[in-house]
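Given next are the chains, with one letter for each unit.
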Amino acid sequence: MDPYTNWSATLKSFHDHFRRDLCRLIQEAESLKRKSPKPLLRSTAQYLSYLHTHHTIEDRRIFPFLARKMDVSGFAKDHKQLEKIMEKIEQTCEEEKRKGERCQEEETFDVEGFTKLLKELRDLVFPHMRLEEDLTAPEKMKSLFSPEEMRLMLS
Ligand SMILES: [Fe+2]
C-alpha cells in the first residue's frame, strides 16, 4: 500500500472505532432506564481515556508534521473544545463513582443529562474526524508531501 493510502486507511480505521464505540455508549445510555449506570460509566471513562491518547498523538506528532504545509490550527482548536466536554463527562463519571462508593444511590443518576453530554461529544467529534479525514485524503497529501515524508510521519 502506498503511504498516502496507508495514512488515510489508518486514520479512518481509528476514527471508525471511536465513532462506533461512541454510538454504542449512547445506545447503552438511552436504554439504561433504572439499571445500574456503573458499567456504562466504566466504559465511558475507558473510551475517554483512549480518545485523550488519540488526541495527544495527533497534537504532538501529526499536527506539527501537517503544519509544515497546511493550516491545522482549526484541528487544534477543535481538540480544545472537545477536551472541555470530555472533562465534563469525566467529572460525572468520577462523581457517580464516589457516590456509588458511599451508598447505592443509583436511582439519582441523571441518565438524560449524561446522554445529552455524550451526544454533545458526538456532534463535535464526528464532524471533526470527518474534516481530518477529508483534509488529509490521499489526493491532497500527494500534492503536499513526498512519499518519504509520509513514511516518516507514519513511522
Ligand atoms: Fe483529532
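A brief look at the structure comes next.

Basis of the calculations
Residues numbered from 1 in each chain as written. Predicted model: local features only at pLDDT ≥ 70, side-chain atom pairs only at ≥ 80, totals over all residues. Helix = DSSP H or I, 4+ residues; strand = E, 2+ residues; numbered from the N terminus. Buried ≥ 20, exposed ≤ 12 C-beta atoms within 10 Å, placed from the backbone. Contact = placed C-beta atoms within 7 Å. Core = buried A, V, L, I, M, F, W, Y, C linked by C-beta atoms within 7 Å. Axes fitted to C-alpha atoms, helices over the stretch in contact; angles between N-to-C directions. Left-handed = near helix turned anticlockwise from the far one by under 90°. Nonpolar A, V, L, I, M, F, W, Y, C, P; charged D, E, K, R; others polar. Parallel < 35°, antiparallel > 145°, perpendicular 65-115°, else oblique. Expected span 1.5 Å × (residues − 1).

### Regarding the overall build of the protein chain
- Assigned secondary structure in the protein chain consists of six helices and zero strands.
- Its helices and strands taken in sequence order, the protein chain reads α-α-α-α-α-α from the N to the C terminus.
- On the principal axes, the C-alpha backbone points of the protein chain span a range of 60 × 25 × 25 Å.
- Taken across its 155 residues, the protein chain has 19% of its residues classed as buried.
- A sequence separation of at least 24 residues applies to 83% of the contacts in the protein chain between residues at least 6 apart.

### Topic: the nonpolar core
- Judged by nonpolar contacts, Leu25, Ala29, Leu40, Leu41, Tyr47, Met86, Ile89, Cys93, Phe114, Leu118, Leu121 and Val125 together constitute the single largest core of twelve residues.
- Within the residue set of this core, elements represented by two or more residues are helix 1 (3-30), helix 2 (38-66), helix 3 (73-102) and helix 4 (111-135).
- If one sorts the elements of this core by residue count, helix 4 sits on top with four residues.

### Some points on the packing of helix 1 against helix 6 (residues 147-154)
- Remark: helix 1 packs on helix 6, axes separated minimally by 9 Å, with the N-to-C direction vectors making an angle of 35 degrees. The interaxial crossing formed by helix 1 with helix 6 has left-handed handedness. On the side of helix 1, the interface is formed by Pro3, Tyr4, Asn6 and Trp7, while helix 6 contributes Pro147, Met150, Arg151 and Leu154.
- For the contact of helix 1 with helix 6, the per-class residue count stands at six nonpolar, one polar and one charged.

### Things to note about the packing of helix 1 against helix 2
- Put simply, helix 1 and helix 2 touch, their axes get as near as 11 Å, and they point 155 degrees apart. Put simply, helix 1 runs roughly antiparallel to helix 2. Considering only the axes of helix 1 and helix 2, their crossing is left-handed. Counting all contacts with helix 1, which are made through Phe14, Phe18, Asp21, Leu22, Leu25, Glu28 and Ala29, the residues of helix 2 involved are Leu40, Ser43, Thr44, Tyr47, Leu51 and His54.
- Counted by class, the contact of helix 1 with helix 2 contains eight nonpolar, three polar and two charged residues.

### Examining the environment of Asp123
- Inspection of the secondary structure assignment puts Asp123 in helix 4.
- When the C-alpha positions of Asp123 and Arg24 are compared, they lie 15 Å apart, and in sequence the two are 99 residues distant.

### A short note on helix 4
- Between the first and last C-alpha of helix 4 there are 36 Å, a value that for 25 residues agrees with the 36 Å anticipated at 1.5 Å per step.
- Turning to helix 4, its buried residues are Phe114, Leu118, Leu121, Val125 and Glu132.

### Quick word on the environment of Thr5
- By secondary structure assignment, the location of Thr5 is in helix 1.
- For the pair Thr5 and Pro138, spaced 133 residues apart in sequence, the C-alpha separation works out to 5.7 Å.

### Overview of the environment of Glu58
- As for its placement among the helices and strands, Glu58 is situated in helix 2.
- Looking at Glu58, the number of C-beta atoms within 10 Å reads 20, which means it is buried.

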